[in-house]
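Summary of structural features
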Amino acid sequence: MRCYLSTSSILHSWFVKLTNVTQVNTEAGIPKHTRKRNYPLTYEQRQFPKLIGHTKTWNTFNTSNLRDGKRKAEIVRDDLFLRQFIYGTWHSLFASELIIKRRHNMIILSGLVTRTIHPRRMYFLIGYTEEILSALLKTPVKMEIQTIDSKDDVIFTYW
């Protein structure tokens, strides 16, 4: 095993001692194969993290992390609150990840929702979510959702 940090043998032996055998071949964000290849993955989950910016995009669009960006911590906190609020209000209705887009002063929430409830209830949930979040976050919130028949329509491949 060769250490690319330095050519020093002391540093190499120190690095090898810190490396655990179980952590050698693990990577974050990449699902493990199952024996029967029966674990369903969506298109977004199938794209590996190294492809972010090429074939995959971020789930949150904002410009606060740029140089001299303002309200960095507040925006992260707001995004976490938005995700928990949506997944709690729209319990088991979202078939995909929630996408949060920030344009100027407006927050746009988008995603795929299953058609398991009556359309009147869905319109109520959209209005309720927009009004409550607009009042809590003090910014206009808009929901752009698309409906699908079942969660099986989102499956891209089995892993």
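The structure under discussion appears in the preceding block.
Let me sum up the structure you'll find in this document. (Residues numbered from 1 in each chain as written. Predicted model: local features only at pLDDT ≥ 70, side-chain atom pairs only at ≥ 80, totals over all residues. Heavy atoms only, no water.)

**What about the packing of helix α3 (residues 72-89) against helix α4 (residues 119-137)?**
Going by this rule: Note on definitions: angles span 0 to 180 degrees between N-to-C directions of axes, and those axes are lines fitted to C-alpha atoms, for helices only across the stretch in contact. Helix and strand definitions follow DSSP, with helices as H or I runs of at least four residues and strands as E runs of at least two, each counted in order from the N terminus. Orientation labels follow simple angle bins: below 35 degrees gives roughly parallel, above 145 gives roughly antiparallel, 65 to 115 gives roughly perpendicular, and whatever is left gives oblique. The handedness criterion is simple: a crossing whose near helix is rotated anticlockwise from the far helix by less than a right angle is left-handed, and one whose near helix is rotated clockwise is right-handed. Any two residues whose heavy atoms approach within 4.5 Å are treated as being in contact. Classes in brief: Ala, Val, Leu, Ile, Met, Phe, Trp, Tyr, Cys and Pro nonpolar; Asp, Glu, Lys and Arg charged; the others, Gly included, polar.
Two numbers describe how α3 lies on α4: the axes approach to 12 Å, and their chain directions differ by 150°. With respect to each other, α3 and α4 are oriented roughly antiparallel. With respect to the hand of their crossing, α3 and α4 are arranged in right-handed fashion. Counted together, Asp78, Phe81, Leu82, Phe85, Ile86 and Thr89 of α3 and Leu125, Tyr128, Thr129, Ile132, Leu133, Leu136 and Leu137 of α4 form the full contact between these two elements. Its residues assigned to classes, the contact of α3 with α4 comprises ten nonpolar, two polar and one charged.

**Quick word on the side chain of aspartate 79**
What counts, and what does not: Whether a residue is buried, partly exposed or exposed follows from its accessible area with a 1.4 Å probe, protein chains only, as a fraction of its type maximum: under 20%, in between, or over 50%, in that order. Polar contact criterion, stated in full: a pair of N or O atoms within 3.5 Å, where within protein one must be able to donate a hydrogen and the other to accept it, and residues adjacent in sequence count only if both atoms are side-chain atoms.
Along the chain, aspartate 79 falls in helix α3. The class of aspartate 79 is buried, set by a relative accessible area of 8%. A distance of 2.8 Å separates polar atoms of two side chains, one belonging to aspartate 79 and the other to arginine 102.

**Some remarks on the pattern of salt bridges**
For the record, the criterion: We define a salt bridge as a contact between a side-chain nitrogen of Lys or Arg and a carboxyl oxygen of Asp or Glu at a distance within 4 Å.
If you walk through the whole model with that rule in mind, you get four salt bridges. Among the ionic pairs, arginine 115 bridges to aspartate 149, the shortest N-O distance being 2.4 Å. Linking arginine 115 in the loop between β4 (106-114) and α4 with aspartate 149 in the loop between β5 (141-148) and β6 (155-158), this pair joins segments that are 34 residues apart in sequence. A relative accessible area of 48% places arginine 115 in the partly exposed class. The partner of glutamate 144 in a salt bridge is lysine 142, with the nearest N and O atoms 3.9 Å apart. Taking the relative accessible area as the measure of exposure, glutamate 144 reaches 32% and is therefore partly exposed.

**Notes on the packing of aromatic side chains**
Formally: Pairs were defined over the aromatic rings of Phe, Tyr and Trp, the Trp ring being its six-membered one, requiring ring centres within 6.5 Å. Orientation was assigned from the angle between planes: stacked under 30 degrees, edge-to-face over 60, tilted for the rest.
Using the criterion set out here, one finds five aromatic pairs in the structure. Ring geometry for phenylalanine 81 against phenylalanine 85: centres 6.0 Å apart, planes inclined by 35°, an arrangement best described as tilted. Placement of the pair is phenylalanine 81 and phenylalanine 85 together in helix α3, with a separation of four residues, close to one helical turn. For phenylalanine 81, a relative accessible area of 33% corresponds to the partly exposed category. Of the residues examined, phenylalanine 85 reaches a relative accessible area of 15% and is grouped as buried. With a centroid separation of 6.2 Å and 85° between ring planes, the pair formed by tyrosine 87 and phenylalanine 94 is classed as edge-to-face.

**Remarks on α3**
Stated formally: For a helix, the expected span equals 1.5 Å multiplied by the residue count minus one.
If you check α3, its first and last C-alpha atoms are 26 Å apart, about what 18 residues at 1.5 Å a residue would give, namely 26 Å. Every buried residue belonging to α3 is among Ile75, Asp78, Asp79, Leu82, Arg83, Phe85 and Ile86, and all of these are buried.

**Brief notes about the pairing of β4**
The line we're drawing: Whether two strands pair depends on DSSP finding at least two bridges between them. For crossovers, right-handed means that the path from the first strand over the helix to the second runs clockwise, given strands pointing away from the viewer.
The element β4 is largely enclosed, with a buried count of seven among its nine residues. By the bridge criterion, five bridges tie strand β3 (residues 99-103) to β4 in an arrangement that is antiparallel. Note on β4: the bridge partner recorded for arginine 103 is methionine 106. Regarding the hand of the β-α-β motif, the stretch spanning β4, α4 and β5 is right-handed.

**A few points about the nonpolar core**
Which entries qualify depends on this criterion: Nonpolar cores were defined as sets of buried Ala, Val, Leu, Ile, Met, Phe, Trp, Tyr and Cys residues, with membership established by side-chain atoms within 4.5 Å.
Grouped together as the largest cluster of nonpolar side chains are 19 residues, with contacts concentrated most on Ile86, Trp90, Phe94, Leu109, Met143 and Ile145. Non-local contacts of tryptophan 90, meaning those with residues more than four positions away in its chain, are made with Val113, Met122, Leu125, Ile126, Thr129, Met143 and Ile145.

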